[in-house]
There are 2 protein chains.
Amino acid sequence: MSATIPRDETVHEAPSARQQAVLDAVLGLLVEEGDQLTMDAVARRASCSKETLYKWFGDRDGLLTATVRWQASRVHAGRDAAGALDAAALRDRLLDFAVTWLDVIAGRTSVVLNRIAIAHAGSRKGNLGAIVLANGRLAIGGRVKPVLEAGRTAGLLAFEDSETAFRTFFGLVGRDVQIRLLLGDALDLDAAEIRRDAARAVDQFLALYGQARP
Amino acid sequence: MSATIPRDETVHEAPSARQQAVLDAVLGLLVEEGDQLTMDAVARRASCSKETLYKWFGDRDGLLTATVRWQASRVHAGRDAAGALDAAALRDRLLDFAVTWLDVIAGRTSVVLNRIAIAHAGSRKGNLGAIVLANGRLAIGGRVKPVLEAGRTAGLLAFEDSETAFRTFFGLVGRDVQIRLLLGDALDLDAAEIRRDAARAVDQFLALYGQARP
DNA sequence: CCAGTACCGTACCGTACGGTACGCGGCGGC
DNA sequence: GCCGCCGCGTACCGTACGGTACGGTACTGG
């Protein structure tokens, strides 16, 4: 009677090492082959059976969701050391955010994952889009806004609504980069160009919102 | 011997009225049903046979391409009256661009078409992405840059590279709107909010690049 | 009135792909 | 040693959908 309880092994929390390997296979496939990812291809690439895939991830969407989460979990790594904030420190922090953000959205992986999520958002049950949004735009917003507010407290910045200020920052940094990459424009940014663009964006942002300490 | 030359009737130029109706059916379907557009559904909606669809548009991609072109052709309608440029006129022109652009990208149709094009760009033969890019981001750039340059000539703006200046303008106007909509965020902007956002973007742009006439 | 054309409706074909079933090998516990 | 279990490989099923074929109808030119 203790006959093997089905027990939902679907991945909801941290994936095991083997599962991570599968997810990496998905990412690799996605990056190399564009989308049109098939379960067969994943199984072959990850050297596992489709049955296992379905046991672990439920269905194709589950696999995609787990992949997006997995990728998100490795991007988040980043310290938010909040120290004393003078003008130089503020600028550094913003510059760091800008460079990191541009690095992320310019990466093949981010582009492909965003494409998947966008396509998914177009066909109902759009949790993928929400997940990407939460780990991308909203996550960076959640981390930048405290810095902006600290800057305001320190008398370095002037704005009423930190959300609005952040969105301006976001626009100045991202500009047309993301949409162009998503639509397949070549536009390869090297590290130097990213740094230059990020610096200009930060300077512009400070020109708009900065104020000399009274 | 004059046996009905096959004669490629594929739509390359302006579609006939009936063809336009078909393309409008595609747009309607796209907007209402999200993507997962099937040829069957199009034929049913447009009250035409699949055979005709294939005769006119070649294949599914051809239909999509024609749809994107068709939509683009109706958006372009807009006068670029270039008159004398004082500060107020410059501001008006930029504001007009900003409002128009936000209106477009916030529209259901634009969102859906961009989703299609982005998905398409992910799976090789990405002409759709290129077409959307050419009629969206690049088209607006081509129209704004002359205005910026006229502003510079008139001593109202200061910048070195009009492309860079335009990209800043683009970022200030669009901010996170497009990516959020593409990823399925609700975010419905009413006309008033669009106007307000556009005005702020223009003001910020002028704050960065404007200069009092010497 | 006839021939030709255009196009609608529908039935049909082929295939790709999501999802399932089954047999086999390796590895733990008794 | 033998027995579950886990997971690999593979064969298989069902279906959705892109694309084609064909019969029927309306219109046009001669």
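Anyway, here's the lowdown on the structure attached to this text. (Residues numbered from 1 in each chain as written. Chains lettered and ligands numbered in written order. Predicted model: local features only at pLDDT ≥ 70, side-chain atom pairs only at ≥ 80, totals over all residues. Heavy atoms only, no water.)

1. What to know about the overall build of chain A
- When you go through chain A residue by residue, the secondary structure sums to 11 helices and zero strands.
- Across the 214 residues of chain A, 48% fall into the buried class.
- Carbon and sulfur atoms form 53% of the exposed surface of chain A, whose accessible area is close to 10300 Å². (Helix = DSSP H or I, 4+ residues; strand = E, 2+ residues; numbered from the N terminus. Buried < 20%, exposed > 50% of the residue type's maximum accessible area, 1.4 Å probe, protein only. Areas by Shrake-Rupley, 256 points an atom, 1.4 Å probe, with all protein chains shown as cover.)

2. Concerning the pattern of salt bridges
- Taken as a whole, this structure holds 24 salt bridges over all chains when the rule is applied.
- Here A:Asp197 makes a salt bridge to A:Arg200, at a shortest N to O gap of 2.8 Å. With A:Asp197 and A:Arg200 both in helix H11 (residues 191-209) and three residues apart, the pair spans about one turn of that helix.
- Looking at A:Asp197, the relative accessible area reads 9%, which means it is buried.
- Here B:Lys50 makes a salt bridge to B:Asp40, at a shortest N to O gap of 3.9 Å. Of the two residues, B:Lys50 is situated in helix H3 (residues 50-57) and B:Asp40 in helix H2 (residues 39-46); the sequence distance between them amounts to 10 residues.
- The exposure class assigned to B:Lys50 is partly exposed, which follows from its relative accessible area of 35%.
- Within the structure, one salt-bridge network assembled from shared partners comprises A:Arg137, A:Lys145, A:Glu163, A:Arg167, B:Asp176, B:Arg180 and B:Asp185. (Salt bridge = Lys/Arg side-chain N within 4 Å of Asp/Glu carboxyl O.)

3. Description of the protein's contact with DNA strand C
- Around DNA strand C, the structure places 16 residues, and the nearest of them are A:Lys50, A:Glu51, A:Arg60, B:Arg18 and B:Ser49.
- Backbone atoms, meaning sugar and phosphate, make up 52% of the atoms of DNA strand C lying within 4 Å of the protein.
- One of the backbone nitrogen or oxygen atoms of B:Ser47 is found 3.4 Å away from a sugar or linking oxygen of DNA strand C.
- One nitrogen or oxygen atom from the main chain of B:Ser49 is found 3.3 Å from a phosphate oxygen belonging to DNA strand C.
- Within the residue set of the surface near DNA strand C, elements represented by two or more residues are helix H3 (50-57) of chain A together with H3 of chain B. (Near = heavy atom within 4 Å. Polar contact = N/O pair within 3.5 Å; in protein donor to acceptor, adjacent residues only side chain to side chain.)

4. What about the relation of the copies chain B and chain A?
- Least-squares fitting of chain B to chain A yields an RMSD of 0.0 Å, with the superposition described by an axial translation of 0.0 Å and a rotation of 180 degrees. Read as a symmetry element, the transformation amounts to a two-fold axis. Identified as the residue of chain B closest to the rotation axis by C-alpha distance is B:Gly171, at 2.1 Å.
- Comparing contact sets, 100% of the residues at the interface of chain B also lie at the interface in chain A, consistent with an isologous, same-surface contact. (Least-squares fit on C-alpha atoms with pLDDT ≥ 70 in both. Contact = heavy atoms within 4.5 Å.)

5. Points about the nonpolar core
- Counting residues in each nonpolar core, the largest one holds 136 residues, and the members touching the most others are A:Phe169 and B:Phe169.
- Residues contacting A:Phe169, with those up to four places away along its chain left out, are A:Leu94, A:Phe97, A:Ala98, A:Val144, A:Val202 and A:Phe205. (Core = buried A, V, L, I, M, F, W, Y, C linked by side-chain atoms within 4.5 Å.)

6. As for the interface of chain B and chain A
- In this assembly, 41 residues from chain B lie in contact with 41 residues from chain A.
- Approximately 3500 Å² of surface area, both sides summed, lies buried where chain B meets chain A, with 61% of it carried by carbon and sulfur atoms.
- Interface area lost by chain B to chain A is led by B:Arg167, B:Arg175 and B:Leu183, which between them contribute 21%.
- Our enumeration of links across chain B and chain A arrives at four salt bridges.
- Ionic pairing is found between B:Arg167 and A:Asp176, a salt bridge with its closest N-O pair at 2.9 Å.
- There are 10 residue pairs in polar contact (both at pLDDT 80 or more) connecting chain B and chain A.
- Taken together, the residues that form the side of chain B that touches chain A break down as 16 nonpolar, 12 polar and 13 charged. (Buried area = accessible area lost by both parts, 1.4 Å probe. Nonpolar A, V, L, I, M, F, W, Y, C, P; charged D, E, K, R; others polar.)

7. Some points on the packing of helix H4 (residues 60-75) of chain A against helix H7 (residues 127-135) of chain A
Residue and element names in this part refer to chain A.
- The contact between H4 and H7 brings their axes to 10 Å, and the two run at 0 degrees. It follows that H4 is roughly parallel to H7 by the angle criterion. Where H4 approaches H7, its residues Leu64, Thr65, Val68, Arg69 and Ala72 are matched on the opposing element by Asn127, Leu128, Ile131, Val132 and Asn135.
- A per-class count over the contact of H4 with H7 returns six nonpolar, three polar and one charged. (Axes fitted to C-alpha atoms, helices over the stretch in contact; angles between N-to-C directions. Parallel < 35°, antiparallel > 145°, perpendicular 65-115°, else oblique.)

8. Describing the protein's contact with DNA strand D
- Residues in close proximity to DNA strand D total 17 residues, the closest being A:Ser49, A:Thr52, B:Lys50, B:Glu51 and B:Arg60.
- Taking all atoms of DNA strand D within 4 Å of the protein, the share assigned to sugar and phosphate is 52%.
- One of the backbone nitrogen or oxygen atoms of A:Ser49 is found 3.3 Å away from a phosphate oxygen of DNA strand D.
- Top element by residues in the surface near DNA strand D is H3(A). It accounts for four residues.

9. Observations concerning helix H5 (residues 87-106) of chain A
Residue and element names in this part refer to chain A.
- Compared with an ideal rise of 1.5 Å per residue, which puts 20 residues at 28 Å, H5 spans 28 Å between its outermost C-alpha atoms and is within 8% of the ideal.
- Of all the positions in H5, only Leu90, Arg93, Leu94, Leu95, Phe97, Ala98, Val99, Trp101, Leu102 and Ile105 are classed as buried.
- On its buried face, H5 is in contact with helix H6 (108-122), helix H8 (137-153), helix H9 (162-174), helix H10 (177-182) and H11. (Expected span 1.5 Å × (residues − 1).)

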